[in-house]
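One-letter residues, chain by chain:
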Amino acid sequence: EVQLVESGGGMVQPGGSLRLSCAASGFTFSSNSMSWVRQAPGKGPEWVSGINTGGDSTYYADSVLGRFTISRDNAKNTVFLQMNSLKPEDTAVYYCYVVLRGARYWGQGTQVTVSS
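Everything numeric here is computed off the predicted structure, so don't read it as measured data.

K.L.:
It is not clear to me how the pattern of salt bridges should be interpreted in this structure. Could you clarify?
P.N.:
In a structure, side chains of opposite charge can pair up when their charged atoms sit close to one another. Here the structure, examined in full by the defined rule, presents three salt bridges. Across the pair R67 and D90 runs a salt bridge, and its minimum N-O distance is 2.7 Å. Of this pair, R67 sits in the loop between β6 (58-60) and β7 (68-73) while D90 sits in the loop between β8 (78-83) and β9 (92-100), placing them 23 residues apart in sequence. There is no split in this pair, since R67 and D90 are both buried.

K.L.:
Teacher, can you tell me more about the nonpolar core here?
P.N.:
The nonpolar side chains of soluble globular proteins are, as a tendency, buried together. F27, W36, V79, L81, M83 and Y94 are the most contacted members of the largest nonpolar core, which totals 29 residues. Ranked by residue count, the leading element in this core is β9, at five residues.

K.L.:
How should I be thinking about the packing of aromatic side chains in this particular structure?
P.N.:
Within the structure shown, the criterion is met by three aromatic pairs. Measuring from centroid to centroid gives 6.4 Å for F27 and F29, while their planes differ by 50 degrees, and the two rings are tilted. Residue class for F29 comes out buried when judged on its relative accessible area of 2%. Following the ring pairs from residue to residue traces out a cluster consisting of Y95, Y97 and W106. The lysine or arginine in question, R19, covers the ring of F80, its NZ or CZ lying 4.0 Å from the ring centre. Stacked on the ring of F29, the Lys or Arg R72 has its end atom at 4.3 Å from the ring centre.

What counts and how
As a convention, each chain's residues are numbered from 1 in the sequence order in which they are written. Only residues with pLDDT of at least 70 are given local features in this predicted model, and only at 80 or more are side-chain atom pairs given and counted; all residues enter the totals for whole chains, interfaces and linings. Here the side-chain values reflect all heavy atoms present in the structure, with hydrogen atoms and water set aside. Each salt bridge in this description consists of a side-chain nitrogen of Lys or Arg and a carboxyl oxygen of Asp or Glu lying within 4 Å of one another. Under the DSSP-based scheme used, a helix requires at least four consecutive residues in state H or I and a strand at least two consecutive residues in state E, with every element numbered from the N terminus. Partly exposed describes any residue whose relative accessible area lies between the buried limit of under 20% and the exposed limit of over 50%, with all areas from a 1.4 Å probe on protein chains only and scaled to the type maximum. Nonpolar core, defined: a set of buried Ala, Val, Leu, Ile, Met, Phe, Trp, Tyr and Cys residues in which side-chain atoms within 4.5 Å join the residues together. Pairing of aromatic rings covers Phe, Tyr and Trp, the last counted by its six-membered ring, and requires centre-to-centre distances within 6.5 Å; plane angles under 30 degrees mean stacked, over 60 mean edge-to-face, and any other angle means tilted. Placement of a charge over a ring requires the Lys NZ or Arg CZ to be within 6 Å of the ring centre, with the centre-to-atom vector within 35 degrees of the ring normal.

Structure, rendered in structure tokens:
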């Protein structure tokens, strides 16, 4: 069974930082690209960042480029999202995401709230 468990969310002031983690199981983590997506209240899902299997290619939405960094530890089956210089518009539930044989899998999400 594929499982993705996100953690690390919380409430932070504008300009602050958070580091999200996603622990994966039930599939060969090191053989699959991973992504983070987010969903703000009342809005549809927004792709945030992606990383290839080896971790040497990373991709970012324009809205987070230069502020967020995705990384992975294949030995620990974990993908991370370091978020710096957070803005109120980053407030959302953040999910890690993988596509396996055409099926999409999400975790339960972790809430990030940026507010003064």
